[in-house]
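Listed below are the residues making up each chain.
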Amino acid sequence: MGFSTKAIHAGNEPDPTTGAVTVPIYQTSTYAQEGLGKHKGFEYARTQNPTRLALERNIAALEGAKFGYAFASGMAAIDAILRLVHAGDHVIVSDNTYGGTFRLFTRILSNYGIEFSFVDTSDASNVEAAIKDNTRMVFLETPTNPVMIISDLQAVSDVAHARGVRVVCDNTFMSPYLQRPMEFGVDIVVHSTTKYLNGHSDGVGGVAVLNDEKDAEWLGFVQNGAGAILSPFDSWLVLRGTKTLAVRMEQHDKSGRAIAAFLEEHPKVEKIYYPGSLSHRQHDLAKRQQKGFGGMVAFDVGSLERARTVLEAVRLCTLAESLGGVETLISHPATMTHASVLVETRQRIGITDGLVRISVGLEDTEDIIADLDQALDKA
Ligand code: P1T
């Protein structure tokens, strides 16, 4: 079955009571039981909800996984996944991740005896070298937010599995349409559904999918036990979003490539970060494990002053955090999404004061380019 067929039908069976072709929003907190211990598989809405279940099945199918769990945000999904490790365990993390992931690991979870090592996972031998006897997880983000560093999913999975370590991949930037990490051996895939999966900038959510039965059972237990579930309405919005994921990603990818090419030639732009560009040092790897390059582009204009000018001069692009929606968003990682990352780390990775990030939306490509062009002219 093709990707779009799955996106439209997996988990989306017509409603058994009415035949409604769209899964209804089951806005209920509980379910009537026929007798003690006699029910239809639904007891209480934190534990099970048909709309959420439909979404979990849908995204699991798109990533090629058996099990899926939807959470109240991408961060809640990542937090739940980290409940698979315990005090005294060690986790290896890509040294460039979304700032919120870095903050969760270093400011919250490290207080509970979990040890984190941030390494450059773009070279699998760095991961291999960082594995210790107590390493239980490798957490990858690829491409990374915002400087688009790629990790070789197969190579990292191979070195981790050789030592019995599970591999998690945050696939938010690509969506399962452009990259399916499990096909390269990754054990758990996580998404902020807030982004491409929802696609319309109207809901916050997260999802984790996996195949291992024991880990899945525990993740389901954590979802219910800690309770950071996705609401029925937000589940429904994401279900609606994934139906058009393929066509949206095609257009994000098409415009992303055109805008990266425009920026690369622009005299005011010192450097661009886009895996689709031939100048990206990992272009070949990106081509191997991704179906396209997507709509996230970052570029450096050399100074905070020039970045501010661009960010404040755009008219069509909206200055805002987040990404993956229909409208083009522009942001300043150093002071916005990655403000919680240590300054030294930011400098080393390339998150400079002059770095600007664009989430290329679905407006006409030439309109986005014209807007960036007039804003860059002022810088
Ligand atoms: O915002 P939330 O749904 O909790 O998702 C967190 C998250 C996780 N992983 C990646 C790769 C992300 O980019 C994010 C959120 N990112 C932004 C809000 C942003 O503007 O980059």
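Asks: I'd like a rundown of the side chain of His-252, residues and numbers included.
Replies: Relative to the assigned elements, His-252 resides in helix α10 (residues 245-265). Owing to a relative accessible area of 0%, His-252 belongs among the buried residues under this scheme. Once you skip the residues sitting within four places of it in the chain, His-252 turns out to touch Tyr-196, Gly-294, Gly-295, Gly-324, Gly-325, Val-360, Gly-361 and Leu-362.

Asks: Describe the pairing of strand β3 (residues 115-119), listing the residues and the values that go with them.
Replies: Sheet topology places strand β2 (residues 90-94) next to β3; five bridges connect them, and they run parallel. Bridge pairing in β3 places Ile-92 opposite Ser-117. The parallel pair β2 and β3 is bridged by helix α4 (residues 99-108), and the resulting crossover is right-handed.

Asks: Please provide a residue-by-residue account of the nonpolar core, values included.
Replies: Core analysis: the largest hydrophobic core is formed by 81 residues, its most contacted members being Ile-81, Leu-82, Val-91, Phe-105, Val-138 and Phe-139. Summarising the domain contributions, this core has at least three residues from each of domain 1 (3-242) and domain 2 (246-377). Setting aside its immediate chain neighbours within four residues, Leu-82 contacts Val-91, Phe-105, Leu-109, Ile-114, Phe-116, Met-137 and Phe-139.

Asks: Tell me what's going on with helix α9 (residues 232-242), and back it up with residues and numbers.
Replies: Those residues of α9 not exposed but buried are Pro-232, Ser-235, Leu-237, Val-238, Leu-239, Gly-241 and Thr-242. For α9, the elements touching its buried residues are α1 (3-9), α2 (50-63) and α10.

Asks: So what's going on with the environment of Ser-117? Which residues, and what values?
Replies: With respect to the secondary-structure elements, Ser-117 resides in strand β3. Residues Ser-117 and Arg-308, 191 residues apart in the sequence, show an inter-C-alpha distance of 33 Å. Apart from the residues within four sequence positions on either side, Ser-117 is in contact with His-90, Val-91, Ile-92 and Val-93.

Asks: Got a sec to walk through the environment of Ala-130? Specific residues and values, please.
Replies: Checked against the element boundaries, Ala-130 lands in helix α5 (residues 124-130). Along the backbone, Ala-130 and Asn-211 are 81 residues apart, and their C-alpha atoms lie at a distance of 25 Å.

Asks: I'd like a description of the domain arrangement of the protein chain, backed by residues and values.
Replies: Entries for the protein chain in the domain assignment read domain 1 (3-242) and domain 2 (246-377). The C-alpha centroid of domain 2 is placed 26 Å from the C-alpha centroid of domain 1. Listed as interface residues are 39 residues of domain 1 and, on the opposing side, 42 residues of domain 2. At the level of elements, α1, α4, α7 (175-178) and α9 are the ones that each hand at least two residues to the side of domain 1 that touches domain 2. When residues of the side of domain 1 that touches domain 2 are assigned to their parent elements, the largest contribution, four residues, is made by α4. Along the lines of polarity and charge, the residues of the side of domain 1 that touches domain 2 split into 17 nonpolar, 18 polar and four charged.

Asks: For the pattern of salt bridges, give the residues involved together with the corresponding values.
Replies: In this structure the tally under the stated criterion is 12 salt bridges. As a salt-bridge pair, Arg-348 and Asp-95 come within 3.0 Å of each other at their nearest N and O atoms. Of this pair, Arg-348 sits in helix α13 (residues 343-349) while Asp-95 sits in the loop between β2 and α4, placing them 253 residues apart in sequence. Note on Asp-95: relative accessible area 12%, which makes it buried. Linking Arg-306 and Glu-270 is a salt bridge whose minimum nitrogen-to-oxygen distance equals 3.7 Å.

Asks: Explain the site of the ligand residue by residue, including any values.
Replies: Surrounding the ligand, one finds 18 residues, the nearest of these being Asp-170, Thr-194, Lys-195, Ser-322 and Arg-357. One of the side-chain nitrogen or oxygen atoms of Asp-170 is found 2.6 Å away from a nitrogen atom of the ligand. A distance of 2.8 Å is found between an oxygen atom of the ligand and a side-chain nitrogen or oxygen belonging to Ser-192. Bound to the protein, the ligand loses 93% of the 470 Å² it would expose on its own. Classifying every residue of the shell around the ligand gives four nonpolar, nine polar and five charged.

Cut-offs applied
Sequence positions are assigned chain by chain, starting from 1 and proceeding in written order. Reporting in this predicted model follows two pLDDT cut-offs: at least 70 for local features of residues, and 80 or more for side-chain atom pairs to be given and counted; totals over whole chains, interfaces and linings ignore these cut-offs and use all residues. Note: side-chain values were computed over all heavy atoms of the structure, leaving out hydrogens and water. Numbered from the N terminus, helices here are DSSP runs of H or I no shorter than four residues, and strands are runs of E no shorter than two. Between buried and exposed lies partly exposed: a residue is buried under 20% and exposed over 50% of the maximum accessible area for its type, with that area taken using a 1.4 Å probe on protein chains only. Throughout, a contact is declared for two residues whenever any of their heavy atoms are within 4.5 Å. At least two DSSP bridges between two strands are required for those strands to pair. Throughout, right-handed denotes a crossover for which the path from the first strand over the helix to the second runs clockwise when the strands point away from the viewer. Only buried residues count toward a nonpolar core. Its members are Ala, Val, Leu, Ile, Met, Phe, Trp, Tyr and Cys residues joined through side-chain atoms within 4.5 Å. Domains are outlined according to an automatic or database domain assignment. Residues are grouped as follows: nonpolar covers Ala, Val, Leu, Ile, Met, Phe, Trp, Tyr, Cys and Pro; charged covers Asp, Glu, Lys and Arg; every other residue, Gly included, is treated as polar. What counts as a salt bridge is simple: a side-chain nitrogen of Lys or Arg found within 4 Å of a carboxyl oxygen of Asp or Glu. Nearness is defined per residue: one heavy atom within 4 Å of the molecule or strand is enough. Polar contacts, as used here, are pairs of N or O atoms within 3.5 Å; protein pairs need one atom able to donate a hydrogen and one able to accept it. Residues neighboring in sequence count only if both atoms are side-chain atoms. Using a 1.4 Å probe, accessible areas were evaluated by the Shrake-Rupley method; residue-level cover was limited to the displayed protein chains.

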